[in-house]
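Structural overview
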Amino acid sequence: MSPSEPIVKISAGGFTFKGRFVAEAPKTVEAFKKLLPYKERIIHVRWSGEGCWIPLGDKDLGVSVENATAHPAPGHLLLYPGGVSETEFILAYGPCHFASKAGVLAGNHFLTIFEGLENLHALGVKTLWEGAQEILFELE
């Protein structure tokens, strides 16, 4: 990581994480940066396994598919830019196979958490059992 590479601080459910943008998804990164600071609530996924998501409905962030995957690793943040299902962010905290009631989806992997991973599973379980959690993304 170069000193000029921005760090994203993520605060959610009483936990703090740090992440880096992924170079392979430049258009998605730029669209996300325009949202920062971004405050919303995460809820537990319904179809995808161990993940939390932010539904965005028909919001168009002006990006298409890049660096897409249906199998994010824990700490990967994806943007599904819409199409078969609604636009959404998904954050994997364990085994995850990104899907909707329409079937398998692939989202743009644009950010990877590198600090605080030891608390990611606890955030996911808290979201599952306690409900929606506030989340804030901001540049550090």
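Residues numbered from 1 in each chain as written. Predicted model: local features only at pLDDT ≥ 70, side-chain atom pairs only at ≥ 80, totals over all residues. Heavy atoms only, no water.

Notes on unusual backbone geometry
For clarity, the cut-off: Put simply, DSSP marks the helices as runs of H or I at least four residues long and the strands as runs of E at least two long, and each gets a number from the N terminus on.
The omega torsion across Leu-36 and Pro-37 is -10°, close enough to zero to call that bond cis. Residue position: Pro-37 is located in the loop between α1 (26–33) and β3 (38–44). One non-glycine residue, Asn-67, adopts positive backbone phi at about 55°.

Observations regarding the pattern of salt bridges
Here is the rule: In what follows, salt bridge is the name for a side-chain nitrogen of Lys or Arg lying within 4 Å of a carboxyl oxygen of Asp or Glu.
Counted according to the given criterion, the structure contains four salt bridges. When the shortest N-O distance is used, the salt bridge between Lys-18 and Glu-115 registers 3.9 Å. In this pair, Lys-18 sits in strand β2 (residues 15–21) while Glu-115 sits in strand β10 (residues 107–115), placing the two residues 97 residues apart along the sequence. Here Glu-30 and Lys-33 are joined by a salt bridge, their closest N and O atoms 3.5 Å apart. Residue Glu-30 and its partner Lys-33 are located together in helix α1, separated by three residues, close to a single helical turn. Beyond isolated ion pairs, a larger network of salt bridges with shared partners links Lys-18, Glu-115 and Glu-140.

Section: the pairing of β10
The line we're drawing: Strands qualify as paired when DSSP identifies two bridges or more between them.
Summarising the sheet, β2 and β10 pair through four bridges and their orientation is antiparallel. Bridge pairing in β10 links Lys-18 to Glu-115. Alignment of strand β5 (residues 68–69) against β10, held across two bridges, turns out to be antiparallel. Looking across to β10, one finds that Thr-69 is bridged to Gly-107. Here four bridges tie strand β6 (residues 76–80) to β10, and the two strands are oriented antiparallel to one another. When the sheet's bridge partners are listed, Leu-77 is paired in β10 with Leu-111.

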